[in-house]
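Report on the structure
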Amino acid sequence: MSTDDVQDQGEDTHIDIADGVDHQVAMVMDLNKCIGCQTCTIACKTLWTEGGGRDYMYWNNVETKPGKGYPRDWEESAGGWESEDHSDRKPGDIHPREEYGGDWEFNHSEIMYDGSDEPLRPQTDPEWGPNWDEDEGAGEYPNSYYFYLPRICNHCTHPSCVEACPRKALYKREEDGIVLVDQERCRGYRYCVEGCPYDKVYYNAMTKKSEKCIFCYPRIEGEGPDDEVHATACAEECPPQLRLVGYLDDEDGPIYKLVEEYEVALPLHPEFETTPNVYYIPPYAPPQHSEDGESIQSIERIPREYLEELFGDRVHDALDTIERHRDRVRRGGESELMEILQDKNPAQQYRLEVFE
Amino acid sequence: MSDRQEANSNADGWTRSDMVIVAVVVLAVGAAATLPSISSARPANEVPVESVSANASSPTAPAWGDIPAVTMALSSAPSGLPEASNVSVQSARLQAATNDTHAFVRVSWSDATADRNVTGPTAFFDAVAVQVPTNESARPPIAMGGSNNPVNVWYWSGDGTSEELLAGGAGTTTEFASQSVDARAAHENDSWHVTFTRELAGDANRTDLDVERDVDVAVAVWNGSYDERAGRKAVSDWHYLALGPGPSGPPYQTILWAAAGLAVLFVSVVTIEGVRRTRGDGA
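Residues numbered from 1 in each chain as written. Chains lettered and ligands numbered in written order. Predicted model: local features only at pLDDT ≥ 70, side-chain atom pairs only at ≥ 80, totals over all residues. Heavy atoms only, no water.

Examining the confidence of the model for chain B
Residue and element names in this part refer to chain B. Looking at chain B, pLDDT values average 87 and 81% of them are 70 or higher. Counting interchain partners and residues more than four positions distant, the pLDDT-below-50 stretch residues 1-11 has five contacts. The complex prediction reports pTM at 0.85, with the ipTM value standing at 0.88. (pLDDT = per-residue confidence, 0-100. Contact = heavy atoms within 4.5 Å.)

A look at the packing of aromatic side chains
Residues and elements named next belong to chain A. Enumeration over the complete set of coordinates arrives at 19 aromatic pairs over all chains. An aromatic cluster is present here, built from Tyr-56, Tyr-58, Tyr-70, Tyr-100 and Tyr-202 joined pairwise through their rings. When the ring centre of Trp-74 is taken as reference, the NZ or CZ atom of Arg-151 above it lies at 3.6 Å. Seen from the ring of Tyr-203, Arg-190 lies directly overhead, with NZ or CZ sitting 3.6 Å from the centre. (Phe/Tyr/Trp six-rings, centres within 6.5 Å; stacked < 30°, edge-to-face > 60°. Lys NZ or Arg CZ within 6 Å of the ring centre and 35° of its normal.)

A few points about unusual backbone geometry
Residue Lys65(A) is joined to Pro66(A) through a cis peptide bond whose omega torsion reads -5 degrees. On the secondary structure map, Pro66(A) appears in the loop between β2 (61-65) and α3 (97-100). In this chain, Tyr141(A) is followed by Pro142(A) through a cis amide linkage whose omega measures 5 degrees. With respect to the secondary-structure elements, Pro142(A) resides in the loop between α4 (108-113) and β3 (147-151). In the Ramachandran plot, Met144(B) falls in the positive-phi region, its phi being about 65 degrees despite a non-glycine side chain. Secondary-structure assignment places Met144(B) in the loop between β6 (127-133) and β7 (151-157). Accessibility expressed as a relative area gives 16% for Met144(B), which makes it buried. The phi dihedral of Asp227(B) falls on the positive side, at around 65 degrees, and the residue is not glycine. Looking at the secondary structure, you find Asp227(B) in the loop between β12 (215-222) and β13 (234-235). (Helix = DSSP H or I, 4+ residues; strand = E, 2+ residues; numbered from the N terminus. Buried < 20%, exposed > 50% of the residue type's maximum accessible area, 1.4 Å probe, protein only.)

Comments concerning the side chain of Thr157(A)
All names here are of chain A. The topology assignment puts Thr-157 in the loop between β3 and α5 (160-164). Side-chain polar atoms of Thr-157 contact the side chain of Asn-277, separated by 3.1 Å. Not counting chain neighbours up to four residues away, the residues in contact with Thr-157 comprise Asp-16, Ile-17, Ala-18, Lys-172, Thr-274, Thr-275 and Asn-277. (Polar contact = N/O pair within 3.5 Å; in protein donor to acceptor, adjacent residues only side chain to side chain.)

The following block contains the structure:
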């Protein structure tokens, strides 16, 4: 199939992408593969948010669930839309700086250069920070549970941050639906910060403007030093390679199949009604154990109710579908879904040149 | 009776009643001279513009003590933003002056907290803006002008920065490529005093203040510690800087009132003379 054929198909797609947007970038993260190593977080931070008033920003963060997340209790700060008709926005809150966590000073210099034998530690008395509740999770031994949730901007189809800005400083790029803050237009009013229900827009007190994940657009445009197209840094640097990056309307790509055909990749908090374009394969966990260490097959370790809170009621069908396909493969059968979820072919994992 | 009448007459033959009539005439003429100043008491939306010899760009310059201030009632702007109607500043005082080259505008308002620093995502600056029509002969829509009738906005923020902006409606403020407005601020006795200084002469898209006509003016105030920013602000109605003579301004007005005074004087003299002659005839 030629590239032109793919493009034609893309234009005829039934997928709901935003008005005025040609194609929609999308990402699928398989939560079953995340080991919480924060390599994605550091890759992003090193590339985009080192210094210049960005110290506290993590455009990509990985938080432990259940947990309060980053910023603390972000799921309770509202924002988004009142309903799926996207006529009324839900007012949101701005988190105080301390709920993101401080930028702590450490005694590196004393230890490294002055011969101090003090332990390396913050020179303040921190009370909160990203990953403060890492690996705590919920449940009681031997049935405690947690999983990691990597988060970036969802580059939503109905972005409430864009609607919140009175200056139209935020916009969806026509060519790929990436949501950006025009730094020339932004005047730091922060209605976008309070309007995003995922709290993925950040205020830079040094530049007095707001900033956010840019889906590494210079990388996907091939504008880097090597002139090659790259997936986002968070995806490419991921040790277990849990992310697929491409276009939602690329009907031959794995993202389309996982989201639209098998419906096993789900948006986070769909009730915010912003229609995210980052999707998650929900986490699977072993069943609960009895006191004598035996598996109790009928009781799931991660309560479905909790997963439903995060991913909506479609999580039941998604997990059932995955279970069905796993079972099929266990029995010696074939499953395209299982092949996609286990694919290590970068050409499939990162499909960023299909529409060029 | 005749003796008493003669005793009440002065050497020129003026009787007491003549004196009363003269006094009334003098009062009438005096009133005619005084009336213009009474009748020209300022309309509520007029901002007098005083001439100053010195530079008044400092908000604490002594000259401001002698310049009349107009109190402007402020209310929330209907911007549609969250909490837009929830604003804290009720009024601001506006003063204006010019010297040979510059215009000086001082805005003062009560605000106990001087929000000068924004160290985190939940802090906002105090701020004030003065709005004048780009084309001073046409009154633009109050909400930051319109696309065909823009406004100049002089904006000062609590961090000490100022901007000269052009706007053609809400959400359209654009900074001038070169800035010609200087702003200085002082926070004293729980009040902000901010002066804006700009050369009188305008240029493309820049309001010309070197004019002999009134120029509309409005102000907006933001209280940072009340989370006010953007369209969540306390704004005034249009007022005007009294830069021109106005429809009943000094030259026209003086001639009219002088003529009226002379007419009163003439009628009075004729009346007195008529009375005197009538009495003379009677004697």
